[in-house]
Amino acid sequence: MSETSKKMSPFIPAVASFFIMGLGQLINKNKIKALVFFIIPVLVCTIEFVTSDWGRYFDITSGRADQTISQQDVDYGQEKVVEEKVEELAPQATFLGVSGGSSTTTSVGTGGDLFAGYEDTVFEETSYNYPNYELSPNGEKYIFRDFGGFFTRNVWGLLTLGRVVIGDEYAGKIMPLFDKDSSWLLADNSSVLIGNGLITLVVIILFVILWTLCILDAYKNRASLNETGEAESFKVFIRRIWRDSYVYIMLAPAFVLILFFTLIPFLFTFLLAFTNYTYKIKLGAMLINWSGFVAFGQAFVDPGWLVMFGKIFLWTVFWAFMSSFTVYALGFINALIIQSESVKGKKIWRSVMILPWAIPGLISLLMFKFAFNKDGLINQVLFATGLMEPVSNFLYHIGLEGQPDQPIYWIDHIYNGGLARAVVIMVNLWLGAPYHMMMITGCLTTISADLYEAAEIDGASGWDKFKAITLPSVLQATMPALIMTFSFNFNNFGAVYFLTGGGPLYDPATVPASMRVIGGSLPGQTDILISWIYKLSFNKGSEVFNIAAVYSIFIFLIVGGFAIYSMQHSKSFSEEL
């Protein structure tokens, strides 16, 4: 046979692998590789059938499940019961409490007159607890729900969000919460169906990616085989993959973890934004429904919600900027002071100034919460030193305090929202500045002393050296950290929640009427978006999960967009870009 006749179009094995995974590799004489690829769809099908009840479904469709109760007589030395009599009485034996999918031994001695004469006889009864769709009130038939496996059942659940809840009459049964013998006797839980559906969807996407790689591999290997006349061995294939894709193989575990613990939760939140899921829906007894963009309209179109969202959003942006700028600036100043030649015992000063950051943040926040309480340490010190009145008047005149109270309501009163916000920023300054001080100190040690010597020769002042050498060098090195600090503070839930709980509340007269239905989920004057989202999601009896999901998507777009834009325009990434 000539070499020309041995050649084959690369499309032939590619198409073969499109229809049967691994068939193209078999055509290309890569038998081991073909087996590996073929095992993948076999594994998927095995998972589907092992986790399904398709066998029972085939029993129904083939007519083998028409008899729902079969009985066998057992002789215990008493009068023998003929099988024909048992079959005659079987339709009336429903009161015996036969459970689906299991065998039970039941004495008929308590059966009244129905089994008169058979008091000493015991029947072994088996019930095939199949769904009888003819008994559904409107002929409902959810085959994938009742018999499907991991893939079919979960995809059905993701698309429909369930169809049957506790107490519904379906397929001849009143639906319970759960039945240990029959998997289809399980009330639908929409949130579980969304979660399982997303996991299944990710697995299907990974399977499609592998199938696509199989097709491409079949095409490329046939093209190579046509050129060289030799098929690539499996050992050579493994070596080539390891050599060419080493970096991606090493990143694969992190990718999988991000996929299941970051992407899927985000997609779950994303999908909730398109539902009607609120505190009014009790899972198990009610179902979540797809509602399109209704939640988006309520969040961004309803005047009341939009006004309140605008207030929270503007404060969140201001908080993120101020909390990031202040900790960075103070950390910069402290680092410059410690690095100064006139400071002795630099190690001791560094150790002392890093302590606020070393102490767990939760402990510090709770300490400051008690300190700024109406009867806390701060007010006690002001009373003891005679400074309560002047401090209260000062705060009132600069607009932070609504009225000059004595004692001062630092984080509690409705008219002291500005003061509470100032307290949150100051406390965050205490917690965050030491970290930036240590980071910037490390950057300062990397700046060459020759630059400063050259600047001195040119007659530059201390300010000129700082402006031309120190600041640009430190900013270039720390810009990614500064961007991440802003992103972190935009979502810095703990700094607000554990210090003020989002309070003080807004004046009830200013709360829009359309928002009063959420009661305990109303935002406070120090709430940032993430802490408000927490209230919308977890305040018992006033949860608005769909609105919270909408705001979560908005936060993701804002923070993600800012981070990407800032990093692309940062000199820190200039070499890569």
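Because the structure is predicted, anything quoted here is derived from the model rather than measured. (Residues numbered from 1 in each chain as written. Predicted model: local features only at pLDDT ≥ 70, side-chain atom pairs only at ≥ 80, totals over all residues. Heavy atoms only, no water.)

Further remarks concern unusual backbone geometry. Put simply, glutamine 406 and proline 407 share a cis peptide bond, and its omega is 5 degrees. Along the chain, proline 407 turns up in the loop between α17 (388–397) and α18 (417–445). The amide bond that connects glycine 503 to the next residue, proline 504, takes the cis arrangement and shows omega of 0 degrees. With respect to the element layout, proline 504 can be found in the loop between α21 (493–497) and α22 (529–538). If you check the backbone angles, leucine 161 has positive phi at about 65 degrees while not being a glycine. (Helix = DSSP H or I, 4+ residues; strand = E, 2+ residues; numbered from the N terminus.)

It is worth spelling out the confidence of the model for the chain at this point. Should pLDDT be low for a region, the predicted coordinates there are not to be read in detail. Summing up the model confidence of the chain, the mean pLDDT is 83 and the portion of residues at 70 or higher is 86%. Every residue in residues 67–128 is under pLDDT 50, and counting partners more than four places away or in other chains gives 76 contacts. (pLDDT = per-residue confidence, 0-100. Contact = heavy atoms within 4.5 Å.)

Among the surface-exposed residues, Phe11, Val15, Phe18, Phe19, Ile20, Leu23, Leu26, Phe38, Val42 and Tyr219 lie close enough to one another that they form a single nonpolar patch of about 940 Å² accessible area. Of all the secondary structure elements, the ones that give two or more residues to the nonpolar patch are α2 (11–19), α3 (23–27) and α4 (31–50). Per element, the largest residue contribution to the nonpolar patch is four residues, and it comes from α2. On the secondary structure map, leucine 26 appears in helix α3. (Patch = residues over 30% accessible without salt bridge, like charges linked within 9 Å, V, L, I, M, F, W, Y side chains within 5 Å. Areas by Shrake-Rupley, 256 points an atom, 1.4 Å probe, with all protein chains shown as cover. Salt bridge = Lys/Arg side-chain N within 4 Å of Asp/Glu carboxyl O.)

A full pass over the atoms with the stated rule returns 48 aromatic pairs. With a centroid separation of 5.9 Å and 15 degrees between ring planes, the pair formed by phenylalanine 309 and phenylalanine 313 is classed as stacked. Here phenylalanine 309 pairs with phenylalanine 313, and both are found in helix α13 (residues 303–339), just four residues apart, close to one helical turn. We classify phenylalanine 309 as buried; its relative accessible area is 7%. Between phenylalanine 493 and tyrosine 534 the ring centres are 5.0 Å apart and the planes differ by 55 degrees, which places this aromatic pair in the tilted class. Of this pair, phenylalanine 493 sits in helix α21 while tyrosine 534 is found in helix α22, placing the two residues 41 residues apart along the sequence. A relative accessible area of 22% means that phenylalanine 493 is categorised as partly exposed. Take tyrosine 534: its relative accessible area is 30%, and that puts it in the partly exposed class. (Phe/Tyr/Trp six-rings, centres within 6.5 Å; stacked < 30°, edge-to-face > 60°. Buried < 20%, exposed > 50% of the residue type's maximum accessible area, 1.4 Å probe, protein only.)

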